[in-house]
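Structural overview
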Amino acid sequence: METKKEFFLECYKLGIIKFGRFTLKSGIESPFYVDLRPLASDPKILKKLANYLLDMLPLDNFDLICGVPYAALPMATAMSLESYLPLIIKRKEAKQYGTKKILEGIFTKGQNCLLVEDVITSGTSLLETIPEIENEGITVSDIVVVLDRQQGGKEILENKGFRVHTLFTISEVCAMLKEEGHLTDDEVERINDFLAGNVVRFEEEKRLSYEAKLDICDHSVAQKLLQIAIEKKSNLIVSADVTTTQELLELAEKVGPHIVALKTHVDILMDFDADETILPLKDLATKYNFLLMEDRKFADIGNTQELQFTYGTYRISNWADFVTAQVIAGYESLDCFRNVGVAAIIGMSSNGTLTDANYREEATKIALSHPNVFGGVSQNKIPNELLLFTPGINLADAGDGKGQQYNTPHHAFTQLETDFIIVGRGIYKADDAEQSALTYKIAGWKAYEGSL
């Protein structure tokens, strides 16, 4: 039976590792260079490699397999053929035409995907790939790697909670090659010195505190929200999806002490009246120090939005502190919101949403450049210059059967680096809305502090 060493020596004959003096992409000079692409040109070796990698893994844990583009794609394909695990293909970037997908293949949200990588150095390519896969609702828990260069990447990923399985390490490879007379003692010593002195250590980017955000967010509404958050030790926004004025005011009275903003859908009120609805609501906002967020999701040309915002039954411009607006109509469509702040809809939380990676990228550009926009509603991390509002928050971390996908406060703050969580049914449908609001307030603040 062939040993692991014998298999590696077969691979080595294909020229997958070279020794000498090489300048890496990072600019660092390395005494060795690894390129595993030649393995894909030898079907016999590729099949053996697939089985060696599969033998290290608990295959029952996985629903899918995906190779990090591009070198690992043939390896993942061979593993799929040997294991019957369905293959999905991750593009380096979304197509700019057609479906504009970042992932190709058949998959469903909630499945667990095994990620395949050829070589791991700093882990950067994996850290870029994993969020793009998880944005599609797929879980990544395990990564299998052919060769670990032992420069910190494996440890970084394991510290983030991923299980990393490696077939070979560079130290193991060098020892085998030395035994076979392919490396001298001096060459091995030079490689070991290089590894000891060039462990890649990334300074973990810390999320900004509310105090730090105050220094970079200059919109007046952003400033108010952050000040309220600090004062009340809360990042909670309650979505008041109720249909009568009485329900709205009763909910505001109960949750007011615990929230930074109340999110309204004023057009679902069956008995709206400016005097009976808005005046007492504004009084409660003043009494309990919270802002009014009208979730109108404006989505039309600028002239129409201005009429919807300023006139009609609701006259939103007279009372809302900030509104939500789609950016699908472009930059100028947001010009009409002059006396309020705008939280741009960058990504939605519903199952099957069309706000894909390409859309989010373009929407973020508009949000960053428009003076009326101070934040974004999204299920993904956005630039620090914008405040992030994350809907679909529920301590139960489940769906509602109508397409809504929920996240916990912990996930929102640690993974998405949100600034404010938006909770709806978890509070207004609760038996005790006030106690539920307090529970979410505490959970949200604890998650925020834990993410710093």
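In the nomenclature of an unreviewed UniProt entry, the chain is known as Orotate phosphoribosyltransferase of Kaistella gelatinilytica. Looking at the chain in UniProt, the text filed under Subunit (unreviewed entry) is "Homodimer." Its UniProt record, at the heading Catalytic activity (unreviewed entry), says of the chain: "orotidine 5'-phosphate + diphosphate = orotate + 5-phospho-alpha-D-ribose 1-diphosphate".

What follows concerns the pattern of salt bridges. Under the criterion given, the structure shown has 20 salt bridges. In this structure, the salt-bridge partner of Lys213 is Asp419, at a minimum N-O distance of 3.2 Å. A residue pair is termed long-range when its members are at least 10 positions apart, and Lys213 in helix α8 (residues 210-216) and Asp419 in the loop between α14 (409-414) and β16 (420-423) qualify at 206 residues. Residue Asp419 is classed as buried on the basis of its relative accessible area, which comes to 0%.

This model, assessed by the stated rule, comprises 18 aromatic pairs. Centre to centre, the rings of Phe389 and Phe420 are 5.5 Å apart; their planes meet at 20°, and the pair counts as stacked. Remark: Phe420 occurs in strand β16 and Phe389 occurs in strand β15 (residues 387-390); sequence separation between them is 31 residues. Overall, the relative accessible area of 0% leaves Phe389 in the buried class.

Another point: a negative patch on the surface. Together, Glu247, Glu250, Asp271, Asp273, Asp275 and Glu276 line one region of the surface with negative charge. Broken down by secondary-structure element, the contributors of at least two residues to the negative patch are α10 (245-255) and α11 (274-288).

With that out of the way, let us pick up the confidence of the model for the chain. The predicted coordinates ought not to be read in detail in places where the model reports low pLDDT. Averaged over the chain, the pLDDT score is 90; the fraction of residues at 70 or greater is 93%. Low confidence marks residues 398-405, where pLDDT is under 50. Its contacts with residues over four positions away, or in another chain, come to 17 contacts.

Sheet architecture is closed into a barrel: eight strands sit in the order β9-β10-β11-β12-β13-β14-β15-β16, paired in parallel fashion. Pairs of neighbouring strands in the sheet enclose a mean axial angle of 30°, with direction left out of account. Here strand β14 (residues 373-377) pairs with β15 via three bridges, running parallel. Considered in β15, the bridge of Gly376 is made with Leu388.

What follows concerns the UniProt feature "binding site: orotate" (unreviewed entry) in the chain. UniProt tags Thr121 and Arg149 as "binding site: orotate" (unreviewed entry). Spatially, the listed residues are clustered: although they cover 29 residues, their C-alpha atoms lie within 5.3 Å of one another. Among the secondary structure elements, Thr121 is positioned in the loop between β6 (112-120) and α4 (124-134). When sequence neighbours within four positions are dropped, the list of residues in contact with Thr121 reads Arg149, Gln151, Gly152 and Gly153. Inspection of the secondary structure assignment puts Arg149 in the loop between β7 (139-148) and α5 (153-159). Under the relative-accessibility criterion, Arg149 is labelled buried at 4%.

With that out of the way, let us pick up empty space enclosed by the protein. If you roll a probe as big as a water molecule over the atoms, it shows you where there is empty space left. Here the structure, examined in full by the defined rule, presents three cavities of 30 Å³ or more. Estimated volume of the largest cavity: approximately 70 Å³. Lining the largest cavity, in full, are Phe8, Cys11, Ile16, Ile17, Leu36, Leu39, Leu49, Val146, Leu147, Phe168 and Val173. Broken down by secondary-structure element, the contributors of at least two residues to the lining of the largest cavity are α1 (4-12) and β7. Grouping the constituent residues of the lining of the largest cavity by class yields eleven nonpolar, no polar and no charged.

Before going further, it helps to examine the packing of α10 against α11. The geometry of α10 relative to α11 is characterised by a closest axis approach of 10 Å and an angle of 5° between their N-to-C directions. Classed by the angle they form, the pair α10 and α11 counts as roughly parallel. In contact with Thr245, Leu248, Leu249, Ala252 and Glu253 of α10, α11 contributes Glu276, Thr277, Pro280, Leu281, Leu284, Lys287 and Tyr288. Taken together, the residues of the contact of α10 with α11 break down into seven nonpolar, two polar and three charged.

Of the two faces of strand β4 (residues 87-90), only the one carrying Ile88 and Lys90 is buried; Leu87 and Ile89 on the other face are not. The sheet contact formed by strand β3 (residues 64-67) and β4 spans three bridges and is parallel. Within β4, the position partnered with Cys66 by the bridge is Ile88. For the crossover that starts at β3, traverses helix α3 (residues 73-83) and ends in the parallel β4, the hand is right-handed. The sheet contact formed by β4 and strand β5 (residues 103-104) spans two bridges and is antiparallel. Opposite Ile89, over in β5, you have Glu104 as the bridge partner.

A word on α10. Within the span of α10, buried status applies to Thr245, Leu248, Leu249, Leu251, Ala252 and Val255. Seen end-on, α10 carries its buried residues on one side only, within an arc spanning 160°. The secondary structure elements touched by the buried residues of α10 are β9 (236-240), β10 (261-264), α11, α15 (425-428) and α16 (433-451).

Tracing the backbone shows Gly197 in helix α7 (residues 185-197). Overall, the relative accessible area of 59% leaves Gly197 in the exposed class. A C-alpha to C-alpha distance of 9.2 Å links Gly197 and Gln151, two positions 46 residues apart in sequence.

Let us now look at the nonpolar core. Grouped together as the largest cluster of nonpolar side chains are 79 residues, with contacts concentrated most on Leu225, Leu262, Phe322, Phe337, Phe389 and Phe420. Setting aside residues up to four positions removed in sequence, Phe420 forms contacts with Tyr210, Leu225, Leu226, Ala229, Asn235, Ile237, Val260, Leu387, Leu388, Phe389 and Thr390. By size, the runner-up hydrophobic cluster in this structure holds 45 residues, among which are Leu46, Ala72, Leu177 and Leu195.

Rules of the game
- Residues numbered from 1 in each chain as written.
- Predicted model: local features only at pLDDT ≥ 70, side-chain atom pairs only at ≥ 80, totals over all residues.
- Heavy atoms only, no water.
- UniProt positions renumbered as here; feature names shortened; annotations may be inferred.
- Salt bridge = Lys/Arg side-chain N within 4 Å of Asp/Glu carboxyl O.
- Helix = DSSP H or I, 4+ residues; strand = E, 2+ residues; numbered from the N terminus.
- Buried < 20%, exposed > 50% of the residue type's maximum accessible area, 1.4 Å probe, protein only.
- Phe/Tyr/Trp six-rings, centres within 6.5 Å; stacked < 30°, edge-to-face > 60°.
- Patch = residues over 30% accessible without salt bridge, like charges linked within 9 Å, V, L, I, M, F, W, Y side chains within 5 Å.
- Areas by Shrake-Rupley, 256 points an atom, 1.4 Å probe, with all protein chains shown as cover.
- Lys, Arg positive; Asp, Glu negative; His and termini not counted.
- Charge placed at Lys NZ, Arg CZ, Asp CG, Glu CD.
- pLDDT = per-residue confidence, 0-100.
- Contact = heavy atoms within 4.5 Å.
- Pairing = 2+ DSSP bridges.
- Axes fitted to C-alpha atoms, helices over the stretch in contact; angles between N-to-C directions.
- 1 Å grid on protein atoms, 1.4 Å probe; cavity = no way out; pocket = protein on both sides within 12 Å on 5 of 7 lines; lining within 4 Å.
- Points joined across faces, edges and corners; volume = space filled by probe spheres on them.
- Nonpolar A, V, L, I, M, F, W, Y, C, P; charged D, E, K, R; others polar.
- Parallel < 35°, antiparallel > 145°, perpendicular 65-115°, else oblique.
- Right-handed = clockwise from strand over helix to strand, strands pointing away.
- Arc of directions from axis to C-beta.
- Core = buried A, V, L, I, M, F, W, Y, C linked by side-chain atoms within 4.5 Å.

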